[in-house]
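Below, each chain spelled out in residue letters.
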Amino acid sequence: MAGQQDKAALISETRRRFEAEYLPDKSDKYDSRDVERLQQDDNWVENYLIWRHDVMDDTLKMIDESFQWRKEYMVNDLSESALPKWLFENGALYLHGYDKEGYKLFWFRVKFHMKDPKLQFEKKKFVAFWLEHYARREHGKPLTVVFDMAETGVSHIDLDFIRFIINCFKVYYPNYLSYVLLFFCLAAFKIVKGWLGPDAISMLKFTNKNEVQEYISVEYLPAYMGGIDTFKYSYPPLVDDDFQTPLCENGPITTEDETESKEEIEADSKEAGESSEEQILNAKKVSINFKEQISKPEENDKTDSKTKNAKKALTVFKGPLLHISPAEELFFGSKEIGEKKCLIVLTNVTKNVVAFKVRTTAPDKYRVKPSNSSCEPGTSIDIVVSLHGGFAASLQDRFLIMAAEMDQSSGAGVPELAQFWKEVPRNKVMEHRLRCHVVESSKPSTLTLKENSFNIPTKTNEDLHLQLTHLLQVNKRLQEQIDRCVWFQQLIVVLALFLVAIAAFCFYLLYTLRC
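Note that this is a predicted model, so its numbers are computed, not measured.

## Topic: the pattern of salt bridges
Considering all chains together, one arrives at 20 salt bridges under this definition. What you see here is one network of salt bridges that share partners, running through D34, R70, E132 and R136.

Shown next, in the form of structure tokens:
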């Protein structure tokens, strides 16, 4: 608690001093949108502080320099349409794949870079476009830079351009750099090392074909790096994380698994409901009352996945069309833990029907039910994400939720949704991304808890409370079963004694009659 208070105090002091010492004399050199964001975005201020080790004067100088740069390059106004098309078609810079720690890869293919001083400013704006595009989408999550120098030499290296990319992370995008991978070219390693500060030098990795797999798995490495990734850059459209349709779709789109989907969703929801009654309020698909689930299981099979009341969740992303829970991460268990299912809750906060679809970077590994459907105004819908077969979740896996408002006159059937997604403008589509988090366990457990169906990390006090609640429920059920067994045994004994008494009475009557 003290640490959080100190952090809040530093953030507040940073804002106060920047407004008092820098803003009066340099307001014309800043974009007003950046100044406004500095006053509202605690994470942004905190990143500046972290990158300057909480030294206030150094932090303020960094903010000043980065704000002036952001206005010079018009970062807030950079868009795909504002840049020359050839920059995107060239394929020298793009985002694709993830390293083994789950960080996004920012590729610089030196082979395709053209050294031309006349084009340098436009190319630097192109770098700023990609970094800003990523920063606003991932909300401060670091990325890994890959300088791919395959089929090049030192003579092909644009030192000024590389220095600019390094400086972006050193000054303009604080705390956004995971590390820099230099593939081949030892001479370049020595040059770049001199540009980095002492903190960033530790983030510099020189590697080759034999060592690169220590940092990036083969699924995101091209063949010339020893990988199996068949990705080939092309434009248009803009490369967007390679999100694809999941293996199994359910809902308005018919699939071979449609016949079993309803039963699986209801079973998943029943398990989730038993985990924590506090998680779901007034849901139609999940019974709140634990006793009702035992006494009336047939009612749960008939309930709907939609509800007119939003569900209580620990983390919620509040978008303009949908509130999404969890906000950032889906928690899966390791193979030892065995948890292979997560729940995503979407709540429509508009007055219109919202169409949505879910895509993933690993379509062969996951089943998503439903992955393409619609949500009525003011209602919530559960999406069950489950691992398929023997696959295990990894930090590199991502999910993309896309949503857009539909006209009241539009239907929500299969053909209407298909046509809707073909025609809806991209600027009308809300997008939100979720990462995967794998909960490891040092020892195999014989008791499988269901809290992770709600995507809750097992490290929080609230999660411990949920586990305890679940265990108490399990204990209560066992006690009820034991009580029923004892009562049944007592009933059998009473019946047996009653039968013995009747038999004895019959024998007595027979004996009396004979006499």
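## A look at helix α3 (residues 32-40)
Within α3, the full set of buried residues consists of D34, V35, R37 and L38. For α3, the angular spread of the buried residues around the axis is 160°, confining them to a single face. Relative to its buried face, α3 has exposed residues pointing more than 90 degrees away, namely S32 and Q40.

## Section: the sheet that holds strand β3 (residues 143-148)
Backbone hydrogen bonds hold the strands of a sheet together, and the pairing may be parallel or antiparallel. Strand order in the open sheet formed by five strands is β1-β2-β3-β4-β5, with mixed pairing between adjacent strands. Of all strands in the sheet, those bounded by a partner on one side alone are β1 (93-98) and β5 (204-207). Direction aside, the axes of adjacent strands within the sheet are offset by 25° on average. Pairing of β3 with strand β4 (residues 177-183), which is carried by five bridges, proceeds in the parallel orientation. Residue F147 lies in a different strand from β4, and its bridge partner there is L182. Docked against the sheet, helix α7 (residues 120-138) engages β1, β2 (104-109) and β3, running at close to 35° with respect to β1.

## A look at the pairing of strand β10 (residues 341-348)
Burial of β10 is extensive: seven of the eight residues sit out of reach of the surface. As paired strands, strand β8 (residues 322-325) and β10 are joined by four bridges and run antiparallel to one another. By the bridge assignment for β10, L322 is matched with N348.

## Focus on a nonpolar patch on the surface
A cluster of nonpolar side chains, contributed by F488, L491, I492 and L495, occupies part of the molecular surface with about 350 Å² of accessible area. One can find I492 in helix α15 (residues 461-514).

## Description of the nonpolar core
Among the nonpolar cores identified, the biggest contains 76 residues, and F18, F67, W69, L93, W130, F147 and Y173 are the most heavily contacted of them. The leading source of residues in this core is helix α8 (residues 159-172), at nine residues. Setting aside anything within four residues of it in sequence, one finds F147 in contact with F108, I162, I165, I166, V180, L181, L182 and F183. V385, F399, A403 and L434 belong to the second largest nonpolar core, which has 27 residues in total.

## Quick notes on the packing of α3 against helix α5 (residues 56-72)
One can describe the packing of α3 onto α5 by two numbers: an axis separation of 9 Å at closest approach and a directional angle of 140°. Taken as axis vectors, α3 and α5 run oblique relative to one another. For the pair α3 and α5, the contacting residues are D34, V35, R37 and L38 in the first and I63, F67 and R70 in the second. Classifying every residue of the contact of α3 with α5 by side-chain character gives four nonpolar, no polar and three charged.

About the cut-offs
- Residues numbered from 1 in each chain as written.
- Predicted model: local features only at pLDDT ≥ 70, side-chain atom pairs only at ≥ 80, totals over all residues.
- Heavy atoms only, no water.
- Salt bridge = Lys/Arg side-chain N within 4 Å of Asp/Glu carboxyl O.
- Buried < 20%, exposed > 50% of the residue type's maximum accessible area, 1.4 Å probe, protein only.
- Helix = DSSP H or I, 4+ residues; strand = E, 2+ residues; numbered from the N terminus.
- Arc of directions from axis to C-beta.
- Pairing = 2+ DSSP bridges.
- Axes fitted to C-alpha atoms, helices over the stretch in contact; angles between N-to-C directions.
- Contact = heavy atoms within 4.5 Å.
- Patch = residues over 30% accessible without salt bridge, like charges linked within 9 Å, V, L, I, M, F, W, Y side chains within 5 Å.
- Areas by Shrake-Rupley, 256 points an atom, 1.4 Å probe, with all protein chains shown as cover.
- Core = buried A, V, L, I, M, F, W, Y, C linked by side-chain atoms within 4.5 Å.
- Parallel < 35°, antiparallel > 145°, perpendicular 65-115°, else oblique.
- Nonpolar A, V, L, I, M, F, W, Y, C, P; charged D, E, K, R; others polar.

The values reported here are purely geometric and, on their own, carry no functional implication.
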